[in-house]
Amino acid sequence: MIVQSVKWGNSQGVRIPEECLQQANIVTEDKMNLEVQGEGFVLKQMQRRLSFEERIEKYGPLTFAPETDWGDDHGDERWEENGF
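Caption draft 1: Main features of the pairing of strand β3 (residues 32–37). Two elements, β3 and strand β4 (residues 40–45), share six bridges in a ladder whose sense is antiparallel. Considered in β4, the bridge of N33 is made with K44. Hairpin connection between β3 and β4: a loop of two residues separates the two successive antiparallel strands, and G38 in this loop has a positive phi of roughly 60 degrees.

Caption draft 2: Quick look at the environment of H74. When you line up the elements, H74 lands in the segment after α2 (52–59). Each C-alpha atom, one on H74 and one on E18, is 67 Å from the other, the two residues being 56 residues apart in sequence.

Caption draft 3: Layout of the environment of N33. Here N33 shows up in strand β3. Judged by relative accessible area, which is 34%, N33 ranks as partly exposed. Residues N33 and K44 lie 11 residues apart in sequence; the distance between their C-alpha atoms is 5.2 Å. Looking at N33, its side chain comes within polar contact range of the side chain of E35, at 3.2 Å.

Definitions and cut-offs
- Residues numbered from 1 in each chain as written.
- Predicted model: local features only at pLDDT ≥ 70, side-chain atom pairs only at ≥ 80, totals over all residues.
- Heavy atoms only, no water.
- Pairing = 2+ DSSP bridges.
- Helix = DSSP H or I, 4+ residues; strand = E, 2+ residues; numbered from the N terminus.
- Buried < 20%, exposed > 50% of the residue type's maximum accessible area, 1.4 Å probe, protein only.
- Polar contact = N/O pair within 3.5 Å; in protein donor to acceptor, adjacent residues only side chain to side chain.

Here's what the structure looks like:
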């Protein structure tokens with residue numbers, strides 16, 4: 001695919017077509033690493049931080065261990081309903 005560099009402030013920019021971004025799973029604000037190799041460039045996506053929703057989806061629903069019965073109270077222990 002042919003793209004063209006354009007002036008962008010004191011630098012130059014290259015527009016990456018949407019189709020290429022989708023194939024590489026790159027979204028707006030993703031960070032990338034640019035390396036010069038010979039007379040060209042290699043652009044690699046860096047691992048991005050997952051959103052809270054993406055983390056929940058990745059790890060699945062939260063599960064909790066069942067309550068443990070530690071037996072009868074001994075000594076000065078107290079248990080109140082609100083846990084304090």
